[in-house]
Structures are given as C-alpha cells and as structure tokens.
Amino acid sequence: MTTLLLSHPACLNHATPAGHPERADRLRAVKEVLSEERFNALVRSEAPEGSLDLVTLCHNEDYVTELRHIAPDQGLIYLDGDTSMSPGTWEAVMRGVGGAVKATEAVMNGEHSNAFVAVRPPGHHAETARPMGFCFFDNAAIAARHAQRKYGIARAAIVDFDVHHGNGTQEIFWSDKSVMYCSTHQMPLFPGTGATGERGEHDTIVNAPLASEDGGAQFRAAFERRILPHLEKFAPEFLIISAGFDAHYRDPLASLNLKAEDFGWVTRKLMDLADRSAGGRIVSVLEGGYDLQGLKESVAAHVTALMG
Ligand SMILES: [Zn+2]
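Residues numbered from 1 in each chain as written. Predicted model: local features only at pLDDT ≥ 70, side-chain atom pairs only at ≥ 80, totals over all residues. Heavy atoms only, no water.

**Student:** Please clarify how the overall build of the protein chain should be interpreted in this entry.
**Tutor:** A tally of regular secondary structure across the protein chain gives nine helices and 10 strands. Here the protein chain has a C-alpha radius of gyration of 17 Å; the compact-globule value for 308 residues is 19 Å, and the two agree. The C-alpha extent of the protein chain, read off along each of the three principal axes, is 50 × 40 × 40 Å. A burial count over the protein chain gives 60% of its 308 residues as buried. Excluding contacts between residues fewer than 6 apart, the proportion of contacts in the protein chain whose partners are at least 24 apart in sequence is 76%. Roughly 11,500 Å² of accessible area belongs to the protein chain as shown, and the carbon and sulfur atoms make up 48% of that amount. Averaging the coordinates of the 28 positive side-chain charges in the protein chain and doing the same for the 40 negative ones gives two points 5 Å apart. (Helix = DSSP H or I, 4+ residues; strand = E, 2+ residues; numbered from the N terminus. Rg over C-alpha atoms; globule rule 2.2 N^0.38 Å. Buried < 20%, exposed > 50% of the residue type's maximum accessible area, 1.4 Å probe, protein only. Contact = heavy atoms within 4.5 Å. Areas by Shrake-Rupley, 256 points an atom, 1.4 Å probe, with all protein chains shown as cover. Lys, Arg positive; Asp, Glu negative; His and termini not counted. Charge placed at Lys NZ, Arg CZ, Asp CG, Glu CD.)

If you want it as structure tokens, here you go:
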C-alpha cells in the first residue's frame with residue numbers, strides 16, 4: 001500500500017507581505033525535500049479545488065460568501081494583523097480544502113494507505129465564522145466532516161502537533177462528540193487557548209500544553225501519558241493529523257525544542273493507533289512550520305514514517 005502526496009502550484013500564489021513567515025518558499029522547501037530519491041515511492045497528484053458545499057460543512061455560509069468576495073484584484077487586503085488576502089488567495093485556499101477532501105476519499109476508498117496534503121495557507125486557527133492566524137478555512141476539520149457525511153464514519157479524530165493551539169478546530173468541534181480533537185502546543189503562546197481544562201461539552205477535546213523550552217522528552221510524555229490513552233479509548237475510525245512543524249527547535253515563531261526525529265516518532269505512534277481502530281487510515285494536512293531547514297527535515301521524517 002502506498003502514500004499519496006497531494007499539492008498544487010496555485011498554493012504558491014497566496015501572497016503575503018514581505019517578511020511574513022507564512023510564505024510561498026515554505027511550500028517550495030517541502031516540494032524540494034520530497035523530490036529526493038528516497039521519496040520516489042510516493043504517489044503524487046494535484047489537489048483539486050474544493051467546493052463551497054464542502055467548506056460549509058464547518059464554516060458559516062455568510063462568512064464563506066463574504067470571504068469569497070473580499071479577495072482583491074491587486075495588492076493585499078488585511079483581515080487581521082497577520083492574516084491577509086491577495087488575488088491568488090481564494091484558489092490557494094480552495095486547493096487546500098479540495099486536497100484534504102481528495103486525500104480523505106483516496107484513503108477511505110482504500111486506494112492508498114495514507115496521505116500527506118502539502119498546501120498553504122494553513123487552516124487550524126480558522127473558526128466557524130472567522131479567519132485568524134494566517135488561516136481561512138479549516139482543512140483538517142472539513143476532512144473529518146466529509147468522512148462522516150460521505151462514508152458514515154462515526155468517530156473521527158484530529159491530532160494537532162503544530163506549536164500553536166488549533167483554536168479553530170477546537171471551536172468547530174466543541175459540542176460534537178463524534179470528533180475528538182487532541183493538541184500539543186506551547187503555552188502561553190498565540191492564540192492563547194488550549195488549557196488542559198478546555199475539554200469540550202463531551203470531554204472529546206484533549207489539550208496537552210507544553211512550556212517554553214520543552215523538548216522531545218516532554219512532547220513524547222504528553223502523547224504517551226495524555227493524548228494516546230484518550231485516543232485509544234475513543235477508538236477513531238479515521239485519523240487526521242494537523243501537521244505543523246513549528247515546534248522544531250529552529251522555528252522563529254516559538255520556543256519548543258523538537259527535532260525532526262520527534263515528528264517521525266509521533267507519526268509512527270499515531271500509525272500504530274490508526275492500525276488498531278481505523279484500518280490504518282490517516283490523512284495528514286500541513287499546518288505551520290516557518291524555518292525552511294527545520295520544515296524540510298521535519299516533513300521528511302513525517303512522510304518517511306507515513307511511507308512505512
Ligand atoms: Zn503554528
């Protein structure tokens with residue numbers, strides 16, 4: 001069985017202001033490392049554009065319509081201090097949605113054992129009706145709801161190891177007991193949510209915050225002592241990874257000290273878990289990661305693990 005890699009050149013056309021960490025070079029770096037010979041076994045395909053019907057699985061219709069019409073014909077429009085739209089943003093965002101959905105279908109249909117969706121902008125800060133923190137639509141959340149609607153998945157889980165808390169994913173599933181959301185993240189740090197006591201209406205939100213300067217040992221302990229036992233008990237039938245690599249020690253936006261091998265380790269742990277309850281079905285969607293070297297090493301370790 002194979003690993004599917006989905007991406008699209010249109011994701012390079014979401015322009016951000018000079019000096020912004022969430023830039024097209026991130027995706028170029030990912031593409032560069034995944035074109036090395038050791039990744040020849042990946043099955044590569046283009047991410048299609050998602051539809052509005054998919055986006056509204058998780059986002060408010062008025063918000064989606066407004067965002068669609070707000071994209072400028074030239075230059076940039078700021079939605080908040082660090083989230084802006086350029087003429088290429090809408091297509092890039094919709095390729096992200098379409099990529100996450102196509103990956104879900106390929107894995108649910110049994111065409112591939114798992115998939116990595118290399119797209120930008122990221123998604124996990126986008127709430128039901130609000131863009132935030134470089135994000136517009138929550139690709140991972142949409143993949144979960146799509147798997148439920150199209151394939152009757154009763155329990156899906158989203159595991160988010162981006163260094164920032166996925167406030168958007170948490171908000172979307174706060175009252176939904178059919179989707180478990182688990183996150184490790186640095187705290188305090190943007191966006192400020194993600195305390196251990198935030199557990200959702202049905203105890204299906206599992207936050208495991210880490211402290212500044214924590215490294216691989218604390219990260220692994222958070223998974224072994226807190227996140228993996230909760231996931232094991234929940235027994236998801238489909239697993240989605242919000243794969244952010246900004247907890248890498250080189251990353252400029254945070255101060256955790258993970259190494260590439262820690263991302264490989266957590267990926268293998270999640271694969272073991274998915275093998276037990278989800279028939280191995282995993283879709284991983286790129287979130288953050290802002291140091292190009294750290295991003296390349298970490299994506300390489302993550303995808304190597306996915307390829308088995
Ligand atoms: Zn992040």
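**Student:** Before we go on, may I ask you to explain the layout of surface pockets in this structure?
**Tutor:** Over the atoms, a rolling probe the size of a water molecule traces out where space has been left empty. Counted as a void, the largest pocket has a volume near 350 Å³. Every residue lining the largest pocket is counted, 16 residues in all, and those nearest its centre are Leu5, Ser7, His8, Pro9 and Lys31. Those elements giving two or more residues to the lining of the largest pocket turn out to be strand E1 (3-7), helix H1 (24-34) and strand E2 (43-46). Counting residues per element, the lining of the largest pocket draws most heavily on H1, at five residues. (1 Å grid on protein atoms, 1.4 Å probe; cavity = no way out; pocket = protein on both sides within 12 Å on 5 of 7 lines; lining within 4 Å. Points joined across faces, edges and corners; volume = space filled by probe spheres on them.)

**Student:** Can you help me understand the coordination of the zinc ion in this one?
**Tutor:** Each angle at a metal carrying four tetrahedral donors should ideally be 109.5 degrees, and each at a metal carrying six octahedral donors should ideally be 90 or 180 degrees. Asp162 (OD), Asp162 (OD), His164 (ND1) and Asp246 (OD) make up the full set of protein donors to the zinc ion, lying at 2.0 to 2.8 Å. Every donor counted, the four donor atoms about the zinc ion form angles of 52 to 154° at the centre, which fits irregular coordination. Here the donor residues of the zinc ion are spaced in sequence according to D-x1-H-x81-D. Note that His164 is positioned in the loop between strand E6 (156-160) and helix H6 (167-173) and Asp246 in the loop between strand E9 (238-243) and helix H8 (260-277), a separation of 82 residues in sequence. Of the two residues, His164 and Asp246, both sit in the buried class. (Donors = N, O, S within 2.8 Å, 3.2 Å for Na, K, Ca; no water. Tetrahedral: all angles 85-135°; square planar, octahedral: opposite > 155°, others 65-115°.)

**Student:** What's the story with H8 in this structure? I'm lost.
**Tutor:** Note that an α-helix has 3.6 residues per turn; residues three or four places apart therefore point the same way. The terminal C-alpha atoms of H8, which comprises 18 residues, lie 27 Å apart, in line with the 26 Å expected from a rise of 1.5 Å per residue. Buried residues of H8: Ala260, Asp262, Phe263, Gly264, Trp265, Val266, Thr267, Leu270, Met271, Leu273 and Ala274, and no others. Tucked into the core, H8 has its buried residues touching strand E5 (114-118), E6, helix H7 (216-234), E9, strand E10 (282-286) and helix H9 (292-306). Of the residues one or two after H8, Gly279 is the one with positive phi, at around 60°. (Expected span 1.5 Å × (residues − 1).)

**Student:** What exactly am I supposed to notice about empty space enclosed by the protein here?
**Tutor:** Following the criterion strictly, the structure yields one cavity of 30 Å³ or more and no others. Considered as a void within the structure, the largest cavity measures approximately 30 Å³ in volume. Every residue lining the largest cavity is listed: His14, Thr16, His20, Glu22, Asp82, Thr83, Ser84, Phe134 and Phe136. Among the residues forming the lining of the largest cavity, the class breakdown is two nonpolar, five polar and two charged. (Nonpolar A, V, L, I, M, F, W, Y, C, P; charged D, E, K, R; others polar.)

**Student:** How should the nonpolar core be read in this particular structure?
**Tutor:** Across soluble globular proteins, nonpolar side chains show a tendency to be buried alongside one another. One finds Leu34, Phe116, Phe137, Phe223 and Leu231 to be the most contacted residues of the largest nonpolar core, which totals 93 residues. The element best represented in this core is helix H4 (residues 89-108), accounting for 10 residues. (Core = buried A, V, L, I, M, F, W, Y, C linked by side-chain atoms within 4.5 Å.)

**Student:** For this particular structure, what's the right way to read H9?
**Tutor:** Given a rise of 1.5 Å per residue, 15 residues ought to cover 21 Å, and the 21 Å separating the end C-alpha atoms of H9 matches this to within 8%. Across the 15 residues of H9, 11 count as buried, placing the element largely inside the fold. Among the residues making up H9, those that are buried are Gly294, Leu295, Lys296, Ser298, Val299, Ala300, Ala301, His302, Val303, Ala305 and Leu306. Along its buried surface, H9 packs onto E1, H1, E5, E9, H8 and E10. The backbone nitrogen of Gln293 has a side-chain oxygen 3.3 Å away, supplied by the residue at the start of H9, namely Asp291. Residue Gly308 follows H9 closely and has a positive phi angle near 75°. (Polar contact = N/O pair within 3.5 Å; in protein donor to acceptor, adjacent residues only side chain to side chain.)

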